[in-house]
There are 2 protein chains.
Amino acid sequence: MNEETYLRDYDPKAFDSPLLSVDAVLFTYRDGQLEVLLVERSNHPEMGKWGLPGGFVDLDVDETLEDTVIRKLKEKTGVVPPYVEQLSTVGNRSRDKRGWSVTVCYTALIAHQECETHIDSVSDAKWVNLKDLEKLDLAFDHKSIIAAGRERLKQKALYSIVPAYTLPEKFTLSDLQHVHEVLLGKPLQKKSFRRRIEQADLIVDTGEKSAEKGRPATLYRLKPEASQHTFIRNLEL
Amino acid sequence: MNEETYLRDYDPKAFDSPLLSVDAVLFTYRDGQLEVLLVERSNHPEMGKWGLPGGFVDLDVDETLEDTVIRKLKEKTGVVPPYVEQLSTVGNRSRDKRGWSVTVCYTALIAHQECETHIDSVSDAKWVNLKDLEKLDLAFDHKSIIAAGRERLKQKALYSIVPAYTLPEKFTLSDLQHVHEVLLGKPLQKKSFRRRIEQADLIVDTGEKSAEKGRPATLYRLKPEASQHTFIRNLEL
DNA sequence: TTAATAGTGTCTATGAGACACTATGTC
DNA sequence: GACATAGTGTCTCATAGACACTATTAA
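Please read these numbers as outputs of a predicted model, since none were measured by experiment.

About the cut-offs
Residues numbered from 1 in each chain as written. Chains lettered and ligands numbered in written order. Predicted model: local features only at pLDDT ≥ 70, side-chain atom pairs only at ≥ 80, totals over all residues. Heavy atoms only, no water. Helix = DSSP H or I, 4+ residues; strand = E, 2+ residues; numbered from the N terminus. Buried < 20%, exposed > 50% of the residue type's maximum accessible area, 1.4 Å probe, protein only. Contact = heavy atoms within 4.5 Å. Areas by Shrake-Rupley, 256 points an atom, 1.4 Å probe, with all protein chains shown as cover. Near = heavy atom within 4 Å. Polar contact = N/O pair within 3.5 Å; in protein donor to acceptor, adjacent residues only side chain to side chain. Nonpolar A, V, L, I, M, F, W, Y, C, P; charged D, E, K, R; others polar. Least-squares fit on C-alpha atoms with pLDDT ≥ 70 in both.

1. Focus: the overall build of chain A
A count of helices and strands for chain A gives six helices and ten strands. Taken along the three principal axes of its C-alpha coordinates, chain A extends 70 × 45 × 35 Å. Every one of the 237 residues in chain A was classed for burial, and the buried ones make up 49%. Considering only contacts in chain A between residues 6 or more positions apart, those separated by 24 or more positions represent 64%. Counting every atom, chain A has about 11800 Å² of accessible surface; 47% of that belongs to carbon and sulfur.

2. Quick notes on the protein's contact with DNA strand D
With respect to spatial proximity, 24 residues lie near DNA strand D, and among them Arg215 and Arg233 of chain A together with Lys190, Arg194 and Thr218 of chain B are the closest. Within the side chain of arginine 215 of chain B, one N or O atom sits 3.1 Å away from a base nitrogen of DNA strand D. Within the side chain of threonine 218 of chain B, a nitrogen or oxygen atom sits 2.6 Å from a phosphate oxygen of DNA strand D. At five residues, the largest contribution of residues to the surface near DNA strand D is made by helix α6 (residues 190-200) of chain A. Residues belonging to the surface near DNA strand D are distributed by class as follows: four nonpolar, eight polar and twelve charged.

3. Things to note about the relation of the copies chain B and chain A
Laying chain B over chain A is done by rotating through 180° and shifting 0.0 Å along the axis; what remains is an RMSD of 0.0 Å. Expressed as an axis order, the relation between the two copies is that of a two-fold axis. Among all C-alpha atoms of chain B, that of arginine 233 of chain B lies closest to the rotation axis, at 2.2 Å. Take the interface residues of chain B: 98% of them recur as interface residues in chain A, which is what a same-surface contact looks like.

Next up, the structure:
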């Protein structure tokens, strides 16, 4: 048999295969805390429980897995997050009552201001503080996927400024430092933090100032290449 | 409808879903070069081409995705590699002529001595030098998956001693340094390299010596925790 | 003025890079 | 002895940590 014949007669349903889905851990930073977007499940299984935004690949619509996750995130938030990265793929026989199931997980970051109105307008999506997550009973193994996403973001805080994508486009260095401090669970030296960012030339002064209490802070914007940069020396844990 | 009824009537083939497979990039170090294990495809599509070892989840046999990849690697090498780590998942509409396809990719490392006899006994598996890979026309997008695996291993060489798993259980520091040098594509300072490994306390002196030309070198063994350790300061690129 | 927050100067400590040196084996 | 490879001593340099200092706003 030649390949042409094989492909013509190929039946994708001839063999049993795992259920395949995509999930996203979308983090943001609000009021000094990390939050994650949860969605209430409207279908079986685990209907009524809260879980990660995600779903199935639409073979007609999606070109890539990233298309799928972005489509799902846009449905829930109204926008495409500025940072989306594959986290890991979890697949085993026990995670879903329907049987062998595989989910390709992504970590995404966004400023909550970007999607506040859209999320407020629906009742099946909400930001949940990471500290309140313990008490909740999430669908499937989503709690451990969130833990993995958080752990990855913590590592990124040690050697990059990727956590900046949890902030609005214009942000202050104090805010960014605080995001890192929350992720790492320890205070950082202001001087060290600013020095390394300045040296790496990752941000641009917008010329604007933020006006809160005290001295106004310079508002910076990320350079496009900021998400790629890794420091050769980590912050200490 | 309650969940029980839903699950009883659930038909896993009701919806079209991507083809799901697992692939492994198994690296080793031989004669001063990096090599990757390739397998000749005995089935359509891309029959006759060489590609990565891998295959489909066996829903009855495999408990997890890692079980699948380890089963496939054991089929080809006869042993379970000492280091297996998920690399990334590639999924899109165009990578496989059969249609929308997803492959969960793993990087694995092994000493070629561990599986030499098994590989030599079969004709459909062989080690290929990374430098010879350019010329080959591999199946699917396997060439770019190998490139991604190699890139990941290069990063690991900067901040860990994970590349040590490409070596036999007992190895010399000179060999390990050379693996890192090949991965990084540049010579390293002997002193720096040994200092950081000694300080991190990642290896144990076996008491044995390797006898080649020149002064015999101490043979070390990895401590079990060595695969977890990350240096806070990277080697320079 | 004080309180609050932004931002800097500067010293120390750690660990990588450079490179010359010594050590131990074979011939 | 020469040669080859293993392994060390020690200086420099980059950069994170510590922490006290100055700067700029509002009330």
